[in-house]
Each structure stands twice: as C-alpha cells, then as structure tokens.
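Commentary on secondary and tertiary structure
Spelled out, the chains give:
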Amino acid sequence: MMKRFATLLDNLLLTPSRNGKLELISTYLRETADPDRGWTLAALTSAVDFPAVKAGTVRGLMADRIDPVLWTLSRDFVGDTAETASLLWPEPEHGGQEPQPTLGEVVTALSRATRASAPMVLAGMLDRLDTPGRYALIKFATGALRIGISARLAKVAFAQAFGVPVDEVEEYWHGQQPPYADLFAWATGTAPPPRTDLLPLFRPFMLAHPLETEAIDLADYVAEWKWDGIRVQIVNVGGETRVYSRGGDEISTSFPEIADALDVAAVLDGELLVRGTAQGGEAGGAASFNALQQRLGRKSVSKTMLADVPAFVRLYDLLILEGEDLRDRPWSERRGRLEALMPCLNPERFDLSQTIAAKDMAELAEIRASARDAAIEGIMLKHRQSPYVAGRRAGLWYKWKREPLLIDCVLMYAQRGSGKRSSFYSDFTFGCWNGDPDAGAELLPVGKAYFGFTDEELRFLDRHVRQHTVAKYGPVRETDRSLVFEVAFDSVHLSKRHKSGVAMRFPRINRIRQDKPAHEADRLETLRALVT
Amino acid sequence: MAGCFTWIKADPMGIRIVPADAWVDPSRPVERALVTHGHADHARGGHGRTVATSQTLAIMSVRYGVTEGAQIAEYHEPVAIGGGVTATFLPAGHVLGSAQILLQHAGERVIITGDYKRSPDPTCAPFTVTPCDLFITEATFGLPVFRHPSIRDEIAKLLAAREAHPARCVLVGAYALGKAQRVIAELRAAGWDQPVYLHGAMETMCHLYQDLGVELGDLRPVAGVPKASLAGAIVMCPPSALNDRWSRRLPDPLTAMASGWMRVRQRVRQRGVELPLVISDHADWDELTTTITDVNPAETWITHGREEALLRWCELHQRKARALALTGYEDEDD
Ligand SMILES: [Zn+2]
Ligand SMILES: [Zn+2]
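Residues numbered from 1 in each chain as written. Chains lettered and ligands numbered in written order. Predicted model: local features only at pLDDT ≥ 70, side-chain atom pairs only at ≥ 80, totals over all residues. Heavy atoms only, no water.

Quick word on the overall build of chain B
A tally of regular secondary structure across chain B gives 7 helices and 19 strands. Its C-alpha radius of gyration of 20 Å places chain B within 12% of the 20 Å reference for a compact globule of 334 residues. Across its three principal directions, the C-alpha atoms of chain B cover 65 × 45 × 30 Å. Counting only residues that meet the buried cut, chain B has 60% of its 334 residues in that class. For chain B, the accessible area works out to roughly 12,300 Å², and carbon and sulfur atoms hold 50% of it. (Helix = DSSP H or I, 4+ residues; strand = E, 2+ residues; numbered from the N terminus. Rg over C-alpha atoms; globule rule 2.2 N^0.38 Å. Buried < 20%, exposed > 50% of the residue type's maximum accessible area, 1.4 Å probe, protein only. Areas by Shrake-Rupley, 256 points an atom, 1.4 Å probe, with all protein chains shown as cover.)

Written out as structure tokens, the structure reads:
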C-alpha cells in the first residue's frame, strides 16, 4: 500500500539517527508484502526510473490546477516541488471511494505511460491519495527521494531485517532487478541465493584498516605498494567484461580500453592508473592522480583522450578464475595464481603490483620514506593467509599511508562563500563516523574548509550541493551525506568545543572522492590516533 | 461615503484610529490602545489606557502586569472611544478573550480581526461573521498550502504515539497562551483523564484559564516528579524547552510540536521533533478566503503574515484589497 510507503518516508525524514532509520526500514521490509517492499527498496537506492515522468510533469499538472502566482509563492515557501504539489492538490470531490494504489500498481501504470499519457495517469493516482500519499507518489514517480538514505544503509537494513550477512546482500544484490523477488526469496529462506556466477557482476571489495601499530611481523604479512589511482574490479564472465568502481558502479564506458583488454574469464582487483611521463610519472609508468582525474566521470571518451591519457590496471588480487572462486583461499595462493596468469594478460593494460622485500618494519619504514614515485600513496600490509572477504576485517589487511595527515570525510553541510565565490556553495562542513556506520554510527562534524579546489571542482561541488540538499537552514544546506572528501590538514588536537572532540588545523579539501562510498569514509578513531 | 476609510491609518507600529487618537495592537506604548488579545505581538504593557475584553485584561495583568488604565469591553457591547468612534469587541475564536474589533464612524464599518480562526475550540468563544465595509484581516497562514486538518485527528495521533511507546513520555511543545490549553482541553474531550504534567512556564496561564472557567482537568507541575513515574505520561512545555537540557529529566521523551507550521516538512525538520501535530489557532487558507467571502467587505486590507498570496486571491476574485506592512508581528502565536 502507498500508505505504508508514505509513512516510512515521513518517519525516515523525522528520524535523525542511523539506528532509528535502520530499524524503520528493516521493520518495513519484514512487514510489507512483495512486490511493494521491493519497489520501496528500489526507491531508497535510487533504482527507480520512469522515463515518461519528469519534474516538469508535476509542474505541468499543477499549472492546470492553480494560479501560477499562488504556485510560485507556495513553492518558494515550502522549498520542495513534490511537497508543494501534494499540499495543493485539490481533494477529490468524492474522496476515499477508490482504494489507494499499491506501489506495484503505480509501477505498472507508470512504466506503460508515455510522455503524453503520463500526466493523466499520475493525476488519476493522485486523486486516490491523501496528502502524505501524494507526496510519496510524486517522490517515487520522479525518482528523487532525497531523504539522506544511502544505498548502503538500505542494504544494511535489508540484512538486519532478515538476519543475513550484509556482505552476502552486497554480493547478490548486483544483477538483481527491482522488485528483487529472488533476493527477498533468498533472505526469507524460501529459495537458494540468486546465482551470481553466470553474469559479469560486481563482487564486494576487500578493504584495509589504517595501520595503528608497527608491531607487525613481516613473516606473516606481505608488504605491497598502495597506488594512488582508483580501485577497480574487472570482471569477465560469459564473454562479457565490465569494469566496476569501488562503490560497485559500472565504469566500463569510461575506460573502454580496459574492458576490451581482458579476454580471460576472471575477476581481478587492482588500481586503475594512467600512463605518462608528461604528468610527472616515470617512463611507461603511472602518472599522478591529477592526470587520472581527466578521465574520471566521463560517459564517453574521445580518441585523443584515449591516446593522450591511456589507462591501465595494476593488479592486486585474483578473485575468480575460469569459474573457480578463489576468495576463500589464502592470499599467498591467490597471489601465485595471479602471477601465473600475468603472461596471459595484455601487458599494455595490465601489470602486477610488486611486493616489497623488507626484513622488518624499520626497513619498510625507510623504503616508504624514500619512495619518490608520485603515484605511490603508501604501503599495504596483507596477511599471507588472508582470504578475500568483503569489507574491512580486523587483522587481515592494513594500509599505511605515506602522507599520514589525510583523512576521508563526508560532506554534511554547505554554505555560500563570499566575494567572487558568493554565488557558489564553497564553504563545506564535513564529518567522520563515530563508529561503524553499518552498526548505526553517526557522522560528527570534524571540520570546515573553504579552499583547496579549482574552479571546475567548485562548479561540480556547487551542483552536487544543489542536487543533494535534504534541508535548508537559512544560508546553510544540509546534504544527503553521499560525497566523500579527502581532507588534508596540518595537525589535529583535542577540543572540548567540538562534539567530535577533535579539531583540525588548516583543513583543506585535497581531493573529491566521487569513487568512494560514504560509509567507507574514515572514523573518528582514525583522526583521534593522529592527535598531537 | 463607504470606501474612503480616511479615518483609519495603517502605520508601521499598528492601526491608528485618527479621530479617537487611539491605536489597535500598537507595537509601542501609546496613550490609548485597543488590544485584540493577549499574545505578545499584540498586547504590550505601558499604554496609558488599555481597552480589551475582561479575559484579555486578566491575561495582560498576569503576563505584563497591566493593571493601570484598564477598561473592559465586553463582547458585543459598543464602547465609545472618543472622536465619534464606537468600538465593539466580537469573538475571534483565536484564544481565550480574543476579539475582532468593529469600529464604526461616519457611517463606515471597519473590522480588525486581530488573530482568528474558524475551527472549533473548547477554550474560547467562536468567531462571529459580521458584515463590514473594510475588513482588516490577519494572514499568518495566508498560503494555499496551509489546510489545517481536524484537531481530533491530530490528538488521536498524539494518543496513538503515546500508546506505541509505553516506556517513554510524550513531550508536547505548545505556546503557553492558548495552544497549550486547547490541546489539553481536546485531550480531555478525547477521553484522556490522567494528569497532564506542566513545565513551570505553563503553569500560570493554565491556572488562569481554570480560574476563568475553562475546564482542563488534573494538571500537575512536572518539577519534582520522579522520572520513572512519568513513563506513559503527557507533558506540556513551551517550544523552546523541547530540545533543551530541561527535558533530560524526562524518561526518553518523544517530542511533539503543536503548530500550524508543522504542515511543512522543512519546518518540522528545523524543529527536530519526532511527532509533528498540525494544530493552529489561526485561520488556514480556506478559512481566510471563506471568511472574506462571508463577510463580503467593500475592501480588504491584509496584514500579519504572508500578505502576497491572499492579495493575489483577492485580485483573482475581483475584490479590492491591499497589503499593509506592519512591524512587530512575529510567529509567536501559531
Ligand atoms: Zn498574532
Ligand atoms: Zn495571537
């Protein structure tokens, strides 16, 4: 029923805590029938799209129903088109006679609609709803929920609802289409898991903890360079190859030369880099991240771009080979298989991330300090016996960054700047997690930055803020907390004035991490460990 | 003669009745003031003479210590205020003692509504529709998005939330004058017969209402009540106390806010409340436009709120109207 969905939306909007949100979503998923709960999940993860319905469709409907001046005054006050329309929609004369539509019905009707028929179809359903129902329907139909729920949060709630591991949810999710009937059947124990081995699907990445102790025995751990590109997964299954970014987004069209180059049935984990001496790299080696940035976020790539800034992948790991899942084997075995595979891969597009020989951590620290390659971000330490598991697991992989005073934060609030930047959102407040975001941790603001970006980045950020606003407080906008910043700073101190308990000195936005999902941003403990 | 209204002046500090040298709801102390009701944006201390209903004067005496120069105007009884002007106070249905003021002079009838509403309220006399030539109306909720739902439904929501969270207490933010007593009276009408607990700032006004004959049932101060015994209780507090340190003495309070602004999600989020209750003591859009149609004046002046939209409505309905820019009116009493 639309009513349940509408109630969920409103409750989510009024519940600030992540734990509260998780509880609301998981209860809803447990208590709601198929296919409505699947469509809700799709709406929460922005997987709903009705090409026939645009924001203009709603404005057009309202233009036939209310004076334009009254519409504009109302819209300006309310601040949201869907909500304004829901409030202004004329109550039907013989209200409440027709039952409220279900989400399933809405989907059927809207996916059949054309640009021409969509307004009538939508109006017919709006007539059958009350105010919260109309709001929910418009939000659902236009695919713009903007209630600050990340796809990750929805997946964690799904896992919590049915008592299944979130890593498995991540794994099976990919390749499923709304309303996710197979996923619900698996989670409720009525069917085996959806098969993932027949399609070129994304597999969740294994992640590393920041290194906190130098008491590491290199007999147990192997050291390997950590490269400063973007982490990717290349999947070749059933003759099709796809490239996925860290968040599981497909980026094959941005890097066609990589997708075209893998002709072995394998799933590979590596760092995407671009080649070039022009950008400060070694001959034939990797260029700096700045060079790679020219290739990011593009839907299509020109021939010139392909020639001037060619991409390649420095491989870290081998997950699946010829249908054989290697993820539960120890790292050393996977590494051996990967090394054996290298001669079969196109050397122009793939090379191997070298391990570093060092007898102990002191020697490793020296090597780390003397590394001059601009594309080196630090060192990885991987337990030689570690299986490849989704997410971060204690004791298995560590990252030891070369520049320690860098931290990944999530954008929380934005405010317009002053002077020549006054028309742009250019003052940003960002936060870190006060614990495990999947276990209900919250973001706490840790700092504010005003500078450190180019004009192009500024325009991007301005657009991002406008499109991801969930609330306005005077000149300040609260965003949906989806964008990660790598923040550089000079030092960090304990501070009683800040709720987070720490304050950074001279924080600046070093890099916009569009490739990184918000729940993978750093935690406060990481920042606290750097306190001087 | 009708249609001149030269004897009524809209001044930034209030409405001036020129021949009587008197003001309606002036924002600064004046020699002669007519006061529509006790809210702070209408009633102020320091006037030489204050004409108001007996209940409004009682409220002003408690709130602002106004005792000197008070002159009672009973509902429906014309009072000569000098300069050939008579003033008749008529019920406005806003809060206890609230009045519209009908001014008559030189054959012209002018009504100043003060704040008003048309929906029923057990704590005050209902608005009376009275014909006039010039209607000076409030417009706090003068946007078509404002349609207040029935208060019964909102009270039912409050009681349902209480029932769903037996270990918590429901903390209702409501303005101390009018809204709080109306919510309590409606809770009683809905069958809630247990004590209602009050924040210290609510006590005086609630007791004044009871003294003036409004039934509110068993009211108790929340101060000193052990935390554990407040589980499942309903506590009233001023909006400013909702997210204040003060509320830590309560068992995991579920915060509710009773206000017409709760119709809009952005406002709900700014308040940070869990349970928005759309309860207003002002006319909503439909009441504002219906009232103009019912009263059917030759001319309408609009003040106190969102004037533009109501002005536009008058224009669309071929009604002569203008917006006044008065200062000092705030959202204190929504
Ligand atoms: Zn007022
Ligand atoms: Zn008032």
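Picking up after the structure, the text goes on.
Things to note about the environment of A:Lys472
In this fold, A:Lys472 is placed in strand β17 (residues 469-473). Residues A:Lys472 and A:Ala414 lie 58 residues apart in sequence; the distance between their C-alpha atoms is 9.7 Å. Sequence-distant contacts of A:Lys472, that is, excluding residues within four places in its chain, are made with A:Gly79, A:Arg477, B:Gln266 and B:Gln270. (Contact = heavy atoms within 4.5 Å.)

Quick look at the interface of chain B and chain A
For interface size, the figure often reported is the accessible area lost on association. Contacts between chain B and chain A engage 23 residues on the former and 23 residues on the latter. Taken together, both faces of the contact between chain B and chain A bury some 2,100 Å²; the carbon and sulfur share is 61%. Between B:Arg269 and A:Glu478 there is a salt bridge, and its shortest N-O distance comes to 3.3 Å. Inspection of the region where chain B meets chain A yields 8 residue pairs in polar contact (both at pLDDT 80 or more). At the level of secondary structure, the elements contributing two or more residues to the side of chain B that touches chain A comprise α5 (265-271) and α7 (307-316) of chain B. A per-element tally of the side of chain B that touches chain A places α5(B) first, with 6 residues. Among the residues forming the side of chain B that touches chain A, the class breakdown is 12 nonpolar, 2 polar and 9 charged. (Buried area = accessible area lost by both parts, 1.4 Å probe. Salt bridge = Lys/Arg side-chain N within 4 Å of Asp/Glu carboxyl O. Polar contact = N/O pair within 3.5 Å; in protein donor to acceptor, adjacent residues only side chain to side chain. Nonpolar A, V, L, I, M, F, W, Y, C, P; charged D, E, K, R; others polar.)

Here we look at the domain arrangement of chain A
All names here are of chain A. By domain assignment, chain A separates into domain 1 (2-142), domain 2 (206-401) and domain 3 (405-528). Taking the mean C-alpha position of each, domain 1 and domain 3 sit 31 Å from one another. Tallying the contact residues gives 6 residues for domain 1 and 8 residues for domain 3. A buried area of about 440 Å², summed over both sides, lies between domain 1 and domain 3, and 38% of it is on carbon and sulfur atoms. In this assembly, domain 1 and domain 3 are joined by 3 residue pairs in polar contact (both at pLDDT 80 or more). Residue composition of the side of domain 1 that touches domain 3, grouped by class: 2 nonpolar, 3 polar and 1 charged. (Domains from an automatic or database assignment.)

Description of the sheet that holds strand β5 (residues 49-52) of chain B
Each strand in a sheet pairs with its neighbour through backbone hydrogen bonds, running either in the same direction (parallel) or in the opposite one (antiparallel). All names here are of chain B. Pairing is mixed in the open sheet, where 6 strands are placed in the order β1-β2-β3-β4-β5-β6. Each edge of the sheet is formed by a strand with only one pairing partner; in this case those strands are β1 (8-11) and β6 (70-72). On average, each strand axis in the sheet is inclined to that of its neighbour by 25°, with strand direction left out of account. Here 3 bridges tie strand β4 (residues 32-34) to β5, and the two strands are oriented parallel to one another. (Pairing = 2+ DSSP bridges. Axes fitted to C-alpha atoms, helices over the stretch in contact; angles between N-to-C directions.)

What about the packing of aromatic side chains?
The tally for this structure, following the rule as stated, stands at 20 aromatic pairs over all chains. Centroid distance A:Phe77 to B:Phe146: 5.5 Å. Interplanar angle 70°. Geometry classified as edge-to-face. With A:Phe77 in helix α5 (residues 68-78) and B:Phe146 in the loop between β11 (134-139) and α2 (151-164), this residue pair bridges two chains. Positioned above the aromatic ring of A:Trp397, the side-chain terminus of A:Lys382 is 4.2 Å from the ring centre. Taking the ring centre of B:Trp261 as reference, the NZ or CZ of B:Arg267 above it sits at 4.6 Å. (Phe/Tyr/Trp six-rings, centres within 6.5 Å; stacked < 30°, edge-to-face > 60°. Lys NZ or Arg CZ within 6 Å of the ring centre and 35° of its normal.)

A word on the pattern of salt bridges
All names here are of chain A. Using the criterion set out here, one finds 55 salt bridges over all chains in the structure. A salt bridge links Asp438 to Arg152, with the shortest nitrogen-to-oxygen separation between them at 2.4 Å. Pair noted here: Asp438 is in the loop between β15 (425-433) and β16 (443-449) and Arg152 is in helix α10 (residues 151-162), with a separation of 286 residues, a long-range link. Of the two residues, Asp438 and Arg152, both sit in the buried class. Between Lys359 and Glu363 there is a salt bridge whose closest N-O contact spans 3.7 Å. On the basis of relative accessibility, which here comes to 27%, the residue Glu363 falls in the partly exposed class.

Concerning the nonpolar core
A:Phe5, A:Leu29, A:Leu122, A:Phe140 and A:Phe158 are the most contacted members of the largest nonpolar core, which has 115 residues in total. A:Phe158 has contacts with A:Leu29, A:Leu41, A:Val164, A:Val169, A:Leu183, A:Phe184, A:Trp186 and A:Ala187, leaving out every residue within four places of it along the chain. If you look at the next biggest cluster of nonpolar residues, it comprises 37 residues, including B:Ala176, B:Trp192, B:Cys206 and B:Leu216. (Core = buried A, V, L, I, M, F, W, Y, C linked by side-chain atoms within 4.5 Å.)

What about helix α6 (residues 81-88) of chain A?
Where burial is concerned, most of α6(A) is hidden: 7 out of the 8 residues are buried. All of the buried residues in α6(A) are A:Ala82, A:Glu83, A:Thr84, A:Ala85, A:Ser86, A:Leu87 and A:Leu88. The inward-facing, buried residues of α6(A) abut α4 (55-63), α5 and α9 (131-142) of chain A together with α5 of chain B. A side-chain oxygen of the first residue of α6(A) lies 3.1 Å from the backbone nitrogen of A:Ala82; this N-cap is A:Asp80.

A closer look at the sheet that holds strand β11 (residues 376-383) of chain A
All names here are of chain A. Here we have 5 strands laid out as an open sheet, ordered β2-β13-β11-β3-β10, and mixed in their pairing. Taken across any chain shown, the strands that pair with only one partner, and hence form the sheet edges, are β2 (209-210) and β10 (355-356). Examined bridge by bridge, strand β3 (residues 221-227) and β10 share 2 bridges and lie antiparallel to one another. Looking at β10, one finds that Glu224 is bridged to Thr355. Lying over the sheet, helix α16 (residues 331-341) contacts β3, β10, β11 and β13 (397-401), oriented at roughly 55° with respect to β3. Each of β3, β10, β11 and β13 is contacted by helix α17 (residues 361-370), which is oriented at about 45° to β13, the strand it contacts most.

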